[in-house]
Every structure is written in C-alpha cells, then in structure tokens.
Amino acid sequence: MKVSKICCIGAGYVGGPTMAVIAQKCPEITVTVVDINQARIDAWNGEDLDKLPVYEPGLDRVVAEARGRNLFFSTDVNKAIKEAEMIFISVNTPTKTYGEGKGMAADLKWVELCARQIAAASEKNKIVVEKSTLPVRTAQAVKDILDNTGNGLKFQILSNPEFLAEGTAVEDLLDPDRVLIGGDDTPEGREAINALVEIYASWVPKDRILTTNVWSSELSKLTANAFLAQRVSSINAISELCEVTEADVSEVARAIGADSRIGSKFLKASVGFGGSCFQKDILNMVYISRSYGLHEVADYWEQVIKMNDHQKARFAKNIIRSLYNTVNGKKITFLGWAFKKDTNDTRESAAIYVADHLLNEQAQICVYDPKVSAEKIYADLDYLNTRSSEDNRKYVTVVNDPYEACLDSHAIALLTEWDEFVSYDWSKIYNAMLQPAQLFDGRNILPHQDLKKIGFRVSAIGKSN
Ligand code: NAD
Ligand code: UGA
C-alpha cells in the first residue's frame, strides 16, 4: 500500500518538525498537520518564518520548502482525518495532575479524544500511528476505542515513537540513529508497517529502520529516555562527590567516556536535566512498574528523578550559602531560562525550580534568555502556584539585553548553555556588578580560570573552588 495523504494530530514540538521533514522528503505525499490551538496553527502558517511556534535551527528552511506545496497546517481536524490514509497522533501526554496516578501516570485524555475523533470522522480504513510517547500497552486502548466506535472500519495501530531531541530536531530527523516501528505480526499489520517503512525509506537507510511488535516499541521509547536521564543523574551524583574531593567532573567524564562500552555522550554534569519528557516518562515507568507490583524496579528508576531534584535544589542552596546565607532583596541574574540551548522550550527547565527556591528567600531575579519571552517566564512561575502572580512579577524582571541583566547584580547564575554566553565581554560585566561578584556556572561552559583572573568568584558544577 502506498500512502498519498497523511494527517498529523498535534502541531507541537514533535508534530510540526516531524511532519515538515516528511513533507520535504516525500513531495508526493500531502501532509496536513492539525491542531485545536488556532494561534499555533496561525503561527505555523505565518509569513514570518522567524516566528514559527517552535524554534529549531534549520526548521524555517524545511517549512519554507514544503509549506503550501504538500505541507499544510489547519484546524479542520475532521476534514484532514477523513482524507488521510495514515494518521499520526502527536498530542501531548503530560503527567496527570489529578485523581488516580496524580503526579506519576501519563494523562491520556488527549490521546483518547483523538482516537474517538478518528473513529467518528473516518469513512474508510486507516493506519493510526502513535507518535506521542505512551505507556506500554496504550495501543490496546486506542484499538479498542477505534474498533468499538468506528462504524465497522478496520484500523491498524502502529507505534512509531519519536527520538528527536529539541535544539537538534531537524538534524535528528534528517539523519536519525534509528527509526522504530512497532506493529502487529499479521498480514494487515505487516502491510501497515511496510507502508510506514516506505515513507521513512525515502531518506533513511533501510538498516536503520527497525521493526518490532507494538509493546516492545512503546516500551523502548520510555526506556531510551530513562537510560539517557539516568546518565545525567549519574554524572550529577558524581559531580557532588567531585566538589568535596577536589576531583574535576569534566576530567572524570573524559576518562570514563573514553571507554567505548560507556561512551562519551550525555556525560555533561549540569544544574539538572529539564525538558518535557525525561521526568514525565520516568514517572510514568515508575507508575507502571508499581501497578504491576514491581516495587524494586520502580524504586530504582525513581532515584533518577530524586537525584535530579537534589541537583537543582543544591545549586540554589549553594547560591544562598555563597551570598552569606541571605539573598533577600539581592539582585541575582539568570542567564538562560530554556531547558537547553537552541530551543525556546522551557518545560521543566531547571531554571524554574532554581528561581522558585530563590524567590522563597525573597531574591530579586533578573532573567535574560535569547529565545524565551517574559510572558513564558511568568507563566512558568505562575504554574508552580508557589506565590501570587503579582509577587512573581514583583520579584522577577525580564530584560532583552544581557549587560542590562547583569548591571548592579550580586550574582550571576548561568542556567542554559547558550553559545552566546561564552563570547560576552566578561570584564565589562564584572565592572558593572556589585562586589564581590559571584558567578554560578550551572553548565560549565565558561572559561573559569579567565573569569577568576578578572576577579569573579566562580562556582561550577563538580569542581572544587
Ligand atoms: P506539544 O504540547 O508541543 O504539542 C501537542 C499539541 O497537540 C498541542 O499543540 C495541542 O494543542 C495539540 N492537541 C492536543 N489534543 C488535541 C486534539 N484532540 N486535537 C488536535 N490537537 C490536539 O507536545 P510535544 O512536545 O510535541 O509532544 C507530543 C508528544 O511527543 C508527547 O507524547 C511527547 O512525550 C512526545 N515527544 C516529545 C519530544 C519533544 O522533544 N518535545 C520528543 C519525543 C517525543
Ligand atoms: C530527550 C531525548 O534526548 C530525545 O531522544 C527524546 O526524543 C526526547 O527527550 C523526548 O522524548 O522528549 P530533549 O529533552 O529534547 O530530548 O533534550 P536532551 O538533549 O535529551 O536534554 C535533556 C536535558 O538533559 C536538558 O536539560 C539537557 O541540558 C540535560 N543534559 C543533557 C545534561 O544536563 N547533560 C547531558 O550530558 C545531556
């Protein structure tokens, strides 16, 4: 079977870039990305490619090439469902904030809504692809809904989890380590798998397209994120040990990373991992393990999250301790708010939690991030519900100029590894700060020895001062 029309439900960080690349690489396929969020769709359709709702290096070029040719963004969900032979579900699956499994399980409300809408709007058989990250065995629920509410049509469910990382989404999509497709081992299941394999094979070498059963595919996605996050928590645990033993975490990472069995990637000690997925997916795995009575498995993975929370809190406490145990009324500059460089995404960013900790101590925080708006920063703080939204605006200011951000500041906390931070005129910044000027490098990207020569008191992750 050859697919000529694709619909993707969810025009977010995954749906947008993923479909843009499919459309770019498969000009013969019409790809329509739909969303209930009108503003998001308008932004995807906007003239100004600098204002796409997702900032990703290179994405503007991909969208410019395909949009209007065979890539469309729309809010008419039913029409796109009706026309497509293959439908991707790429909606959000955040941690539940209410009821059973609150704070742990994935909230599948939006996925279920999609399944019901697909069933109601479809007039012919379809392949439904889970692109969202879902708990293992979700496909069963999706299939049950489709089979029982879908006018007797036949639906094949595939799992095709996305492994792109934000900030490198386009690169990851164009040249993925692997593409994973799970489906049923039946003639119809195999036909559906092949249809999706053929789409990816337009640009991905066949030996990198792995096919498997649905449950293994669903669980592989959670496992990949758990392993990646575990590496960060592992090196962060070692960073604390380094700080008390005069070892240097970068040296330790270099030494262990040279072992090909360990590998050198993902060993950067930091203020803690953020992003919309690591924490949510691990919590989800912990929840699933507990629901099967596997408490040791659950405890093991939960520790990755505990270590990450500890790392964020420890960073904030170190700032307070270094500023003579009080930050009340002191200006502390945050360089960076995004959860990593090259993205405007702030979900679960360590900066939010460090700020919250310091705001509890009544610090005055001034934030500069090259891609994150003031509106987003206040929304992140308001979402925590720790204090009133008026207080968040009273204690936090957001500016567009890094030098202005650092003016008259007691301390700088570097929270995101934006490249531009390295090239600043640090002498100029030092001279504009209150003394002693303190700098907390939560990403270990600055030249610490040079900064110390200028006069800064530098505190880095996993290095004794
Ligand atoms: P997102 O919040 O950016 O986008 C989801 C979009 O779905 C939103 O725009 C929302 O309005 C839309 N939506 C929700 N319900 C809808 C409905 N019923 N009909 C139409 N539109 C609907 O989320 P995201 O970051 O793109 O993540 C989507 C999924 O992909 C999640 O399961 C996530 O775990 C997974 N994932 C994310 C990343 C990442 O880097 N962000 C990477 C891999 C996998
Ligand atoms: C991660 C995975 O890398 C993707 O494969 C996956 O598809 C995605 O989650 C997802 O499911 O959402 P992402 O969260 O976008 O991607 O970004 P990462 O590069 O993994 O970084 C996650 C966090 O870990 C960031 O805050 C980053 O700064 C931090 N990190 C990463 C470190 O602190 N040290 C490292 O060595 C690596």
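Shown above is the structure to which this text applies.
All figures in this text were calculated on a predicted structure; none of them were measured in a lab.

### Points about the pairing of strand β7 (residues 179-182)
Residues V179 and I181 line one face of β7 and the alternating positions L180 and G182 line the opposite face, and both faces are buried. Pairing geometry for β7 and strand β8 (residues 209-212), over 4 bridges, is parallel. In the strand pairing of β8, I181 is matched with T211. In terms of handedness, the path from β7 via helix α8 (residues 187-200) over to β8 forms a crossover that is right-handed.

### A short note on a nonpolar patch on the surface
Taken together, the side chains of I238, L241 and V244 make up a nonpolar region of the molecular surface, amounting to roughly 280 Å² of accessible area. Mapped onto the secondary structure, I238 falls in helix α9 (residues 214-245).

### Quick look at the packing of aromatic side chains
Per the counting criterion, the structure on display carries 13 aromatic pairs. With a centroid separation of 6.1 Å and an interplanar angle of 40°, the aromatic rings of Y424 and W426 are classed as tilted. Overall, Y424 belongs to the buried group, its relative accessible area being 11%. Grouped by ring-pair contacts, the aromatic residues Y368, Y403, F421, Y424, W426, Y430 and F456 constitute a single cluster.

### With respect to the environment of T343
Note that T343 resides in the loop between β9 (331-335) and α13 (350-360). Each C-alpha atom, one on T343 and one on P57, is 8.4 Å from the other, the two residues being 286 residues apart in sequence. With near-sequence residues (within four places) excluded, T343 lies in contact with Y13, Y55, E166, G167, A338, K371 and W418. Only 3.0 Å separates the side chain of T343 from the backbone nitrogen of D345, close enough to count as a polar contact.

### Things to note about the site of ligand 2
The full set close to ligand 2 counts 20 residues, and F163, L164, S270, C277 and R443 are the nearest of them. Take L267: an N or O atom from its main chain is 3.3 Å from an oxygen atom of ligand 2. Burial of ligand 2 by the protein chains amounts to 90% of its free accessible area of 700 Å². No other element matches α9, which puts 4 residues into the shell around ligand 2. Of the residues that constitute the shell around ligand 2, the class distribution is 11 nonpolar, 3 polar and 6 charged. A domain-level breakdown of the shell around ligand 2 finds at least three residues from each of domain 1 (5-204) and domain 2 (314-460).

### With respect to the site of ligand 1
For ligand 1, the set of nearby residues contains 25 residues, the closest of which are D35, R40, T93, E166 and K280. R40 has a polar side-chain atom sitting 2.7 Å from an oxygen atom of ligand 1. One of the side-chain N or O atoms of K280 is found 2.6 Å from an oxygen atom in ligand 1. For the shell around ligand 1, the class distribution of residues is 9 nonpolar, 9 polar and 7 charged.

### A word on α13
A turn of α-helix holds 3.6 residues, and therefore any two residues three or four places apart point the same way. With respect to burial, α13 is a largely interior element, 8 of its 11 residues being buried. A350, A351, I352, V354, A355, D356, L358 and L359 are the residues of α13 that are buried. On the buried face of α13, the contacting elements are α12 (295-322), β9, β10 (364-368), α14 (374-384), α15 (389-395) and β11 (396-398). Once α13 finishes, Q362 follows within two positions and takes phi at roughly 60°, a positive value.

### Some thoughts on the sheet that holds strand β12 (residues 411-414)
By way of backbone hydrogen bonds, the strands of a sheet pair with one another, either parallel or antiparallel. Ordered in space as β11-β10-β9-β12-β13-β14, the 6 strands form an open sheet in which the pairing is parallel. The sheet terminates laterally at β11 and β14 (457-460), the two strands that pair on one side only. When the angles between neighbouring strand axes are averaged without regard to direction, this sheet yields 20°. Strand direction decides the pairing type here: strand β13 (residues 438-441) and β14, joined by 4 bridges, are parallel. Considered in β14, the bridge of Q438 is made with R457. Strands β9, β12, β13 and β14 of the sheet are contacted by α12, whose axis makes an angle of about 170° with β13.

### Regarding unusual backbone geometry
In this model, Q435 is joined to P436 through a cis peptide bond whose omega is -5°. Within the element layout of this structure, P436 appears in the loop between α17 (426-431) and β13. For F266, which is not glycine, the phi torsion reads 60° and is therefore positive. When you line up the elements, F266 lands in the loop between α10 (249-257) and α11 (278-291). In this structure, Q362 takes a positive phi of about 60° despite not being glycine. Within the secondary structure, Q362 is located in the loop between α13 and β10. Looking at Q362, the relative accessible area reads 36%, which means it is partly exposed.

About the thresholds
For every chain, the first residue of its written sequence is number 1, and the numbers climb from 1 along that sequence. Whichever chain is written first becomes A and whichever ligand is written first becomes 1, with later ones labelled in order. Whole-chain, interface and lining totals are the exception, using all residues; otherwise, since this is a predicted model, local features are given only for residues with pLDDT of at least 70 and side-chain atom pairs are given and counted only at 80 or more. Only heavy atoms go into the side-chain values, all of them from the structure, while hydrogens and water stay out. With a 1.4 Å probe rolled over the protein chains alone, any residue whose accessible area is under 20% of its type maximum counts as buried; one over 50% counts as exposed, and the rest are partly exposed. Comment: elements are numbered from the N terminus, with helices defined as DSSP H or I runs of at least four residues and strands as E runs of at least two. In this analysis, strands are considered paired if DSSP registers two or more bridges between them. Seen with the strands pointing away from the viewer, any crossover whose path from the first strand over the helix to the second strand runs clockwise is right-handed. Residues enter patches when they are more than 30% accessible in relative terms and free of salt bridges; like-charged ones are connected within 9 Å and nonpolar ones (Val, Leu, Ile, Met, Phe, Trp, Tyr) within 5 Å. Accessible surface area values rest on a Shrake-Rupley calculation with a 1.4 Å probe, where residue burial reflects the displayed protein chains alone. Salt bridges are counted wherever a side-chain nitrogen of Lys or Arg sits within 4 Å of a carboxyl oxygen of Asp or Glu. Ring pairs are drawn from Phe, Tyr and Trp, using the six-membered ring of Trp, whenever the two centres fall within 6.5 Å, and their geometry is named by plane angle: stacked under 30 degrees, edge-to-face over 60, tilted for the rest. Note on contacts: a residue pair qualifies if any of its non-hydrogen atoms lie within 4.5 Å across the two residues. Between N or O atoms, a polar contact is any pair within 3.5 Å; within protein, one atom must be a potential hydrogen donor and the other a potential acceptor, and residues adjacent in sequence are included only when both atoms are from side chains. Throughout this document, a residue counts as near a molecule or strand when at least one of its heavy atoms sits within 4 Å of that molecule or strand. In this classification, Asp, Glu, Lys and Arg are treated as charged, Ala, Val, Leu, Ile, Met, Phe, Trp, Tyr, Cys and Pro as nonpolar, and every other residue, Gly included, as polar. Annotation comment: domain bounds sourced from an automatic or database domain assignment. Here, axes are lines fitted to C-alpha atoms. For helices the fit covers the stretch in contact, and angles between N-to-C directions go from 0 to 180 degrees.

Shape is all these values report; function is a separate question.
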